[in-house]
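What follows is each chain in one-letter form.
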Amino acid sequence: MLKGKGHGLPDLVAPALGALAGAGLSTPGDELVDAVRLTLTHRSYLNDDRHRPDPPDPRYLEALETLGSIFQQHTATIAAYRNPGADQRRLHREVTRLAAAFPGWAARLDWLRESAVLGQSLGRGPVPDRVFAALFNRLLGLLCLVGETRTAENLMAGLLAEIRDDGGGTGNPKQLLQESLPEGSTRFEYHQEGPGHALVYHAVVTDATGRSGTGTASNKKAASQAAALDFIRTHSPGLLAAQRSAVGDSRPEPQPVDESTAHMAVVLRLRRTLRLPDRCLGLFSQALIHGSWAHENQTLLRKYGQRDNQALTALGARAVMYEYYLSIVRTVLLTGAVDSLSLATPEGTMYARALELIDAGPGLLLGAGQAQQQSSVTVAAAAFQALYGAALAANDFAPLGERWSRSYQAAWDTIAPGGARQEDGRTRFDTLCTALDLHAQYQVSRHGPEHEPRYRTVVDLHSLATGEVVTLAGPDGRSQSVANNHAAELFLALTDSLALPVPHHVDDPAALRFLVAHQATAFAAEPALWRKWAKRKLFGLHLADAPDDLLAWAAAVDRLVDDDISPCLPDDLTAAYAYALRGAGAARPEPAPPADGPSGPLASAVRAALARIADR
C-alpha cells in the first residue's frame, strides 16, 4: 500500500540511501527508494500538500513508526542481555536509556536531516528532536518490513555504542562522578536556550581543582549526566573501566536442573522440536524457573549455575512483541485493510495460551506456595516469554519466526496472528453501547481465597429511550478484566444473534426483549440512524435493501421474544422502517406484501412499511 505513494515528493533521499548502503543495504529497487522517500516525509509536509492526488494514508506511516520503535527496544534489550551481568533491571534500564538518548541522537544524523521532507510550519525555527526520531523509526519499520533487519541493526549501531559508552554500565555517570570525588567538591551550573517547544540545556560540572566537563541535552537531567560523563572521560577514564569490571560476571553457562522428571521432559522436548544446540538446555531450564522456586532452592541454583527466569522473560517479552507487531503491520500493508489496524499491546492471556499450546506448563518449577494453586496467567505468560527468550539466546539472537512457525504452528499463530488482534469483549461492548445510546454501570466483586481470588462483574444497562433497566451477570473470571469480558459477552451474544439473517435461540429472552424495545424506540425517534446502525448490523437495518430478508428477520425476532412486545413498540416504527427502506433503495414490492404474512409486532411493522412503499 506504500507503492507509488512517494512519487511527486521532493527528491532528497540520496543522503539516506548512502547511509543505508553503508549499513549493508544492497542496491534498492525503485519501489523501495520510493518507500524510503515517503517514510522520511513528515506529516507537516503532507498536510501542506494534502490536495495531491491519491495521498498516503497517515495510518500506514504511524504503523511503520510503531514497528520501528518496538524494533529499537528489541535490539537494545538483546544488546543489554549480551552483557554477562545482565539482569531484568539492567535490561529495563538500558531500554529506558535508549528512549531518553534516541531523539537527540537521531537529530544529530546529518543524512537524516538532509533527507527529511518537512512542512512550512517546521521551517520557522529549530526543528524538535522528536521529528527526526519519528522519521528514523519509520525507516527502521520499513527495513523490518522488507526483511532488512541486519541493515536496521547496523543503522542503530551508533546509538547503541553511544549508550554503552555513555554510562559505563552504570546508567548514572553523575552518581559515579560524585562518589569518586570528595563530598561537595563538584558544582553543576546550567543555562538554556531556544524556543519553548525546543529548549536546549547546557550543563557544566566543575570540581575543586577547576577541572570541568560540559554536556548538552533536551532536558536538564540529561545535560548534567552528559557533563558528568564528559568530565569522567576527560579526567578519570579509569572509572568507566572499573565500573564495567565491577558489573561483569564470569558465571558459567547454566546447566539444566535435573531434579524433576516433568521439568527435564519439557526441556528435552523443546530442544528436540526446535532443533537447537545443546546449550539451549540450561536456558530452557532457566526459563521454567519461577522466582518462588528460586527463592526456596538457593543451594540447587548454585549447583546448576542457575537463576530465575526474570532476565529471559524481559528478553523474550520484547522479542515476541516485535514479532506480533511485525505480523500485523505486514498483513495490513499488504492487504490494505487499514481500517482493521489495531496496535493494542498484547495481553498476557495470549502468551499464557501459547504456553498451553506447546505443552510446557508441566515443566514449570514453582515454589511450595505457588505450586499449591494453579499457575496464574501472569506466571504462564512470563514462562512462555522466557522460553522464547531462551530459544533466541541459544540461536545466537537470529530470528526464530520460521523455526517456531514450523514446529509450533498453533502457538506461533497466537503470538504472530498475521492481522490486527480482535477487540476484546469489553471494548466491543462499550462501542456498541455508545452507538445504541445505552448507559452501562459496572459492579465488580471479589471473592475466594487471597492466593487465588475470583472476580464477578454485574452490568446494569439503562435505556435512555424506554427508561428500562436490564442486569447482566457474567461468570467468574481470574482477573477483573476477564470478568468484565465475561459480562460483556452476554450482551454481545444478543447483538451477534440479531445480526444474523435469521436470529437463532438466545439464552436470555428478557434481555433480548429489553434490547429490541430499546432499539425500536430509539430508531423510531431518529430514523436517520439507520445508516450507522446498518453498518453495525443493528435492528435488522443491514437488510433494508432486501425487503424479503428484512421481513424474515423480523419474524424470527418475534418468535424469539417470549411474551408480546407490542406495548413496547412505538406507533411510528412503521414510518421509521419505511424511511430506511426508501433510503436503502429497496424495490417496491410487486404486488404489495400480503396481509396474511407473519403476524408478530415487528414483522407487522415491516409489512406495513413495505405497503407504504408500494402505495407511493
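These numbers come from a predicted model, not from an experiment.

*Asks:* Got a minute to help me understand the overall build of the chain in this structure?
*Replies:* Summing up its helical and strand segments, the chain has 28 helices and six strands in all. For the chain, the residues scored as buried account for 49% of the 616 residues in total. In the form shown here, the chain has an accessible surface area of approximately 28700 Å², with 50% of it arising from carbon and sulfur atoms.

*Asks:* It is not clear to me how the nonpolar core should be interpreted in this structure. Could you clarify?
*Replies:* Taken as a class, soluble globular proteins show a tendency for nonpolar side chains to be buried jointly. Within the largest apolar cluster, 107 residues are counted, with the highest numbers of intra-cluster contacts made by Phe-136, Phe-284 and Trp-404. Top contributing element to this core by residue count: helix H16 (residues 310-335), with 15 residues. Not counting residues within four places of it along the chain, the set of residues in contact with Phe-136 comprises Phe-102, Trp-105, Ala-106, Leu-109, Trp-111, Leu-112, Leu-155 and Met-156.

*Asks:* Help me understand the packing of helix H9 (residues 173-180) against helix H10 (residues 220-235) in this model?
*Replies:* For any two helices packed against each other, the geometry comes down to the angle between their axes and how far apart the axes lie. Orientation of H9 relative to H10, taken along the N-to-C sense of each, is 50°, at an axis distance of 7 Å. Classified by the angle their axes make, H9 and H10 are oblique. Of the two possible hands of crossing, H9 and H10 adopt the one that is left-handed. Here H9 contributes Pro-173, Lys-174, Leu-176 and Leu-177 to the contact with H10, which in turn contributes Ser-224, Gln-225, Ala-228, Leu-229, Phe-231 and Ile-232. Partitioned by chemical class, the residues of the contact of H9 with H10 number seven nonpolar, two polar and one charged.

*Asks:* Help me out: how do you make sense of unusual backbone geometry in this one?
*Replies:* In terms of backbone geometry, most residues other than glycine have negative phi values and most peptide bonds are trans. Of note, Arg-275 is a non-glycine position whose phi angle comes to about 55°, a positive value. Here Arg-275 shows up in the loop between helix H12 (261-274) and helix H13 (280-287). The exposure class of Arg-275 is partly exposed, given its relative accessible area of 48%. The backbone phi angle of Phe-539 is positive, close to 55°, even though this residue is not glycine.

*Asks:* I'm lost on the packing of aromatic side chains in this one. Help?
*Replies:* Here the distance between the centres and the angle between the planes together describe a pair of aromatic rings. Under the definition given, this model contains 17 aromatic pairs. Measuring from ring centre to ring centre gives 6.2 Å for Tyr-81 and Phe-397, while their planes differ by 70°; the resulting arrangement is edge-to-face. Placement of the pair is Tyr-81 in helix H4 (residues 58-81) and Phe-397 in the loop between helix H19 (377-394) and helix H20 (401-407), with a sequence separation of 316 residues. Across this residue pair, the class does not change: Tyr-81 and Phe-397 are buried. Between Lys-220 and the ring centre of Tyr-190, over which it is positioned, the NZ or CZ distance is 4.6 Å.

*Asks:* In this structure, what is going on with the sheet that holds strand S5 (residues 454-463)? I would like to understand it.
*Replies:* Two strands in a sheet stick together by hydrogen bonds in their backbones, pointing the same way (parallel) or opposite ways (antiparallel). The strand order across the open sheet formed by three strands is S4-S5-S6, and the pairing between neighbours is antiparallel. The open sheet has two free edges, formed respectively by strand S4 (438-447) and strand S6 (469-473), since each of these has just one partner strand. Pairwise comparison of adjacent strand axes, ignoring direction, gives a mean angle of 20° for this sheet. In the sheet, S5 pairs with S6 via five bridges, with the strands oriented antiparallel. If you follow His-462 over to S6, its bridge partner there is Val-469. Relative to the sheet, helix H22 (residues 425-436) contacts S4 and S5, its axis offset from that of S4 by approximately 150°.

*Asks:* Any chance you could explain the pairing of S6 here in plain terms?
*Replies:* Each regular strand displays side chains that alternate between the two surfaces of the sheet. Here S6 shows a buried face lined by Val-470 and Leu-472 and an unburied face lined by Val-469, Thr-471 and Ala-473. In this structure, the hairpin formed by S5 and S6 is closed by a connection of five residues, where Gly-467 is found at a positive phi of approximately 80°.

*Asks:* Could you clarify how one ought to interpret the pattern of salt bridges in this entry?
*Replies:* Proximity of charged atoms lets side chains of opposite charge pair with each other. If you walk through the whole model with that rule in mind, you get eleven salt bridges. Notably, a salt bridge pairs Asp-87 with Arg-89, separated by 3.9 Å at the nearest N-O pair. A residue is classified by how much of its surface remains accessible, and Arg-89, at 66% relative accessible area, is exposed. A salt bridge links Arg-279 to Asp-396; its shortest N-O distance comes to 2.9 Å. Placement of Arg-279 in the loop between H12 and H13 and of Asp-396 in the loop between H19 and H20 is noted, with a sequence separation of 117 residues between them.

*Asks:* Any chance you could explain the confidence of the model for the chain here in plain terms?
*Replies:* Here the chain shows a mean pLDDT of 81. Residues at 70 or above account for 83%. Counting contacts from residues 3-7, a segment whose pLDDT is below 50, to residues more than four positions away or on other chains yields 14 contacts.

*Asks:* Please clarify how the side chain of Gln-519 should be interpreted in this entry.
*Replies:* Structurally, Gln-519 is set in helix H24 (residues 509-525). When its relative accessible area of 2% is taken as the criterion, Gln-519 is described as buried. Apart from residues no more than four positions distant in its own chain, Gln-519 is found in contact with Leu-436, Leu-498, Trp-533, Leu-538 and Phe-539.

*Asks:* Where do I start with the side chain of Glu-323 in this structure?
*Replies:* Along the chain, the position of Glu-323 falls in helix H16. Buried charge without a partner: Glu-323 forms no salt bridge, and the closest opposite charge is Arg-330, 6.4 Å away. Those residues in contact with Glu-323, other than ones at most four positions away along the chain, are Tyr-388, Gly-401, Trp-412 and Ala-416.

*Asks:* Mind showing me how you'd approach the environment of Cys-280 here?
*Replies:* If you trace the backbone, Cys-280 turns up in helix H13. What Cys-280 contacts, discounting residues up to four positions off in sequence, is Arg-271 and Ala-394.

*Asks:* Help me understand helix H2 (residues 30-39), please; the structure alone is not making it clear to me.
*Replies:* Since the α-helix turns once every 3.6 residues, residues separated by three or four places project in the same direction. Extensive coverage of H2 is indicated by the burial of eight of its ten residues. Listed in full, the buried residues belonging to H2 are Leu-32, Val-33, Asp-34, Ala-35, Val-36, Arg-37, Leu-38 and Thr-39. At its buried positions, H2 is contacted by helix H1 (14-22), H4 and helix H7 (129-145).

*Asks:* I keep staring at the packing of H2 against H7 and nothing clicks. Help me out?
*Replies:* Running from amino to carboxyl end, H2 crosses H7 at an angle of 155°, the nearest separation of the two axes being 9 Å. Comparing their axes, H7 and H2 come out roughly antiparallel. Along this stretch, H2 crosses H7, giving a crossing that reads as right-handed. Taking contact as the criterion, the partners of Leu-32, Ala-35, Val-36, Leu-38 and Thr-39 in H2 are, on H7, Leu-135, Arg-138, Leu-139 and Leu-142. Split by residue class, the contact of H2 with H7 holds seven nonpolar, one polar and one charged.

What counts, and at which threshold
- Residue numbering note: each chain is counted from 1, following its sequence as written.
- Given that the model is predicted, a residue must reach a pLDDT of at least 70 before its local features are reported, and side-chain atom pairs must reach 80 or more before they are shown or counted; all residues, however, enter totals for whole chains, interfaces and linings.
- Hydrogens and water are ignored here; the side-chain numbers use all heavy atoms of the structure.
- Counting from the N terminus, the helices are DSSP H or I runs at least four residues long and the strands are E runs at least two residues long.
- For every residue, the accessible area obtained with a 1.4 Å probe (protein chains only) is divided by the maximum for its type, and the residue is called buried under 20%, exposed over 50%, and partly exposed between those limits.
- With residues, only the protein chains shown are counted as cover, and all accessible areas are computed by Shrake-Rupley using a 1.4 Å probe.
- Definition used in this section: a nonpolar core is a set of buried Ala, Val, Leu, Ile, Met, Phe, Trp, Tyr and Cys residues joined via side-chain atoms within 4.5 Å.
- Every residue pair with non-hydrogen atoms within 4.5 Å of one another is taken to be in contact.
- Think of each axis as a best-fit line through the C-alpha atoms, taken over the contacting stretch in the case of a helix, with angles from 0 to 180 degrees between the N-to-C directions.
- Throughout, the term roughly parallel applies to angles under 35 degrees, roughly antiparallel to angles over 145, roughly perpendicular to angles from 65 to 115, and oblique to all others.
- Crossing handedness: left-handed means the near helix sits turned counterclockwise from the far one by under a right angle, and right-handed means the same turn made clockwise.
- Each residue is assigned to one class: nonpolar for Ala, Val, Leu, Ile, Met, Phe, Trp, Tyr, Cys and Pro, charged for Asp, Glu, Lys and Arg, and polar for all the others, Gly among them.
- Any pair of Phe, Tyr and Trp rings, taking the six-membered ring for Trp, is counted once the centres come within 6.5 Å. Such a pair is stacked with planes under 30 degrees apart, edge-to-face with planes over 60 apart, and tilted for the rest.
- In our convention, an over-ring charge means Lys NZ or Arg CZ found within 6 Å of a ring centre and within 35 degrees of that ring's normal.
- Here, any two strands with at least 2 DSSP bridges between them count as paired.
- In the sections that follow, a salt bridge refers to a side-chain nitrogen of Lys or Arg positioned within 4 Å of a carboxyl oxygen of Asp or Glu.
- pLDDT gives the predictor's per-residue confidence on a scale running from 0 to 100.
- Only four residue types enter the tally: Lys and Arg on the positive side, Asp and Glu on the negative side, with His and both chain ends excluded.

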